[in-house]
Amino acid sequence: MKARIVALEILNEGISNFFIPRNAWKKTSNLTKQDRAFVRRLVYGTLRYYFEIDKIIDTFLKDAKKTPKDLKNILRMGTYELIEMKIPSYAVVNEYTSIARPKFKGLVNAVLRKISEISDKTHFESGLPPWLYDKLKKDLGDIFPIFLEKNEFHEIYLRAVNKSRDEIIQDLTKQNIESYPTHFSPWGIKCTEGIDLDGFEQFENGDFTFQDESSQLVGIVVDPKGEEKILDAFGGVGTKTTHLVQINPQAVVTYNDINRSKISIAMDNFKRMRIFPSKMINTDIINSTLDEKFDKILVDAPCTALGTIGKHPDLLLRLTEKDITEKAQMQLKTLENLWEHLSDGGEIIYSVCTVTKEETDGVISKFIQNHDEAICVDPFEGKMNFDFEKLGVQLLKWIDGFYISKIVKGDKR
């Protein structure tokens, strides 16, 4: 029962805020390894199929809109266990009836019993809101089923930093954590279980950091050389910034972010990994003018993050059609502004962890049309067998929903 109570606390927080903060998972710290994995699957799965679960529950409630939030979340989790996890009905019904407030125990018992009766012949579909399902099916075409499959669950990925990848895997093995090297990134480690590692000594020592394999490939594309001046325009918590410095400590890397809370977290990460950028700035990169030019600019732009649904299913609760349009406009405006701060012959590397046409090829296509001197090249220079179709590479078929484009400032006339 304790695991389900913890899961309910995390789900209540996630749905109330339309976001699950990372520290919410610390509530699982006193649970067993098996229960931690159970809680993670239960919370993520309930959010992943939130809209479909509500359709089922609402058919058994007299007035779904007036149902208290905590009660609705109990029914949501119970429904997910019955239909998707196939947990025996007696266990689900009894457990959630016990968790419910006294005056709602009868209702929980009755509703979950009714759902258990249809659970064998009921299954979830995509979990996406109808408008998003239709849009992505059109945008992705033949690879839409891959998108749905890969967003069912998301393993944890690490990047080796101050120890070799093999040494870190050996350390994890000693602690009974299954992990193995990633295929494309030479620094990447994949952990098959949803386990929090940020309390581990190896993490605190800066031996590794958290970073998806697709995100690690951005560093390969930027490919810092010599003493190149490189701007990480949206540095965030500093993950990609530290990777660039790790690849080539001689590069002059400038970190930027407008969000002071992210800057604070980035500083903690720099100290933990003992890797620091050459310079830090706090600038509105979309609207401001910079006082220098760069050889390379990394634009890891804010996006709808649809390639991360597997680990952030809560985003489905807050995403709207308008968000996609606004993000694409902002991304294009960012490229236009930063182009003026790129040296001749320099490169902009544009990356987004999403799959919509507007935010990927759509942004790059519009930008190229506006600049005769902009040339798109294969981000991976043919070194990896990814599909490059004139504008960029969508990694969905190989890793995650993640897009990378490289634009060279030259003269194609």
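Read on for an overview of the structure.

Rules of the game
Every chain is numbered independently, its residues counted from 1 as its sequence is written. Reporting of local features is limited, given that this is a predicted model, to residues whose pLDDT is at least 70; pairs of side-chain atoms are given and counted only at 80 or more, and all residues count toward the totals for whole chains, interfaces and linings. Excluded from the side-chain calculation are hydrogens and water; included are all heavy atoms of the structure. Helix axes use the C-alpha atoms of the stretch in contact, all axes being lines fitted to C-alpha atoms, and the angles between their N-to-C directions lie in the range 0 to 180 degrees. Secondary structure elements follow DSSP: runs of H or I no shorter than four residues count as helices, runs of E no shorter than two count as strands, and numbering proceeds from the N terminus. Each angle receives one of four descriptions, namely roughly parallel if under 35 degrees, roughly antiparallel if over 145, roughly perpendicular if within 65 to 115, and oblique otherwise. Crossings are sorted by hand: turned counterclockwise from the far helix by less than a right angle, the near helix makes the crossing left-handed, and turned clockwise it makes it right-handed. Every residue pair with non-hydrogen atoms within 4.5 Å of one another is taken to be in contact. Residue type decides the class: Asp, Glu, Lys and Arg count as charged, Ala, Val, Leu, Ile, Met, Phe, Trp, Tyr, Cys and Pro as nonpolar, and the leftover types, Gly among them, as polar. The disulfide definition used here is simple: a pair of cysteine sulfur atoms within 2.5 Å. Buried means the residue's accessible area, taken with a 1.4 Å probe over protein chains only, is under 20% of the maximum for its type, while exposed means over 50%, and partly exposed covers the values in between. Counting of polar contacts relies on pairs of N or O atoms within 3.5 Å, with two restrictions inside protein: one atom must be capable of donating a hydrogen and the other of accepting it, and residues adjacent in sequence are counted only when both atoms are side-chain atoms. By this definition, two strands are paired if DSSP reports at least two bridges between them.

## Considerations on the packing of helix H11 (residues 213-222) against helix H12 (residues 239-247)
Two numbers describe a pair of packed helices, the interaxial angle and the distance between the axes.
1) Next: Where H11 contacts H12, the two axes come as close as 9 Å, and the packing angle between them is 45°. With respect to H12, the axis of H11 lies oblique. Crossing of H11 against H12: the hand is right-handed. Residues Ser 215, Gln 216, Val 218, Gly 219, Ile 220 and Val 222 of H11 form the contact with H12, whose participating residues are Lys 240, His 243, Leu 244 and Ile 247.
2) Next: Taken together, the residues that form the contact of H11 with H12 break down as five nonpolar, four polar and one charged.

## Observations regarding the state of the cysteines
1) Next: Inspection of every chain in the model, using the stated rule, returns zero disulfides.
2) Next: Distance from the sulfur of Cys 191, which forms no disulfide, to the nearest cysteine sulfur (Cys 353) is 20 Å.
3) Next: Here Cys 353 stays free of any disulfide, with the sulfur of Cys 303 as its closest cysteine sulfur at 3.7 Å.
4) Next: Exposure remark for Cys 353: the relative accessible area of 23% places this residue in the partly exposed category.

## Points about the side chain of Thr 182
1) Next: Inspection of the secondary structure puts Thr 182 in the loop between strand S2 (179-181) and strand S3 (188-191).
2) Next: At 2.9 Å, the side chain of Thr 182 and the backbone oxygen of Ser 185 are in polar contact.

## Some thoughts on the sheet that holds S3
1) Next: Taken in spatial order, the four strands line up as S2-S3-S1-S4 in an open sheet, and their pairing is antiparallel. A single partner strand is all that each edge strand has here, and the edge strands are S2 and strand S4 (208-210). Each neighbouring strand pair of the sheet contributes to a mean axis angle of 30°, computed without reference to strand direction.
2) Next: In the sheet, strand S1 (residues 156-160) pairs with S3 via four bridges, with the strands oriented antiparallel. Looking at the pairing, Arg 159 lines up with Gly 188 of S3.
3) Next: Helix H9 (residues 165-174) contacts S1, S2, S3 and S4 of the sheet and is inclined by roughly 20° relative to S3.
4) Next: Strand contacts of H12: S1 and S4, with the helix running at about 35° to S1, the strand carrying the most contacts.

## Observations regarding unusual backbone geometry
1) Next: In this model, Asp 223 sits at a positive phi of 50°, which is unusual for a non-glycine residue.
2) Next: Mapped onto the fold, Asp 223 is located in the loop between H11 and strand S5 (229-232).
3) Next: Not every positive phi belongs to a glycine, and Lys 390 is a case in point at roughly 75°.
4) Next: With respect to the helices and strands, Lys 390 occurs in the loop between strand S10 (374-377) and strand S11 (393-394).

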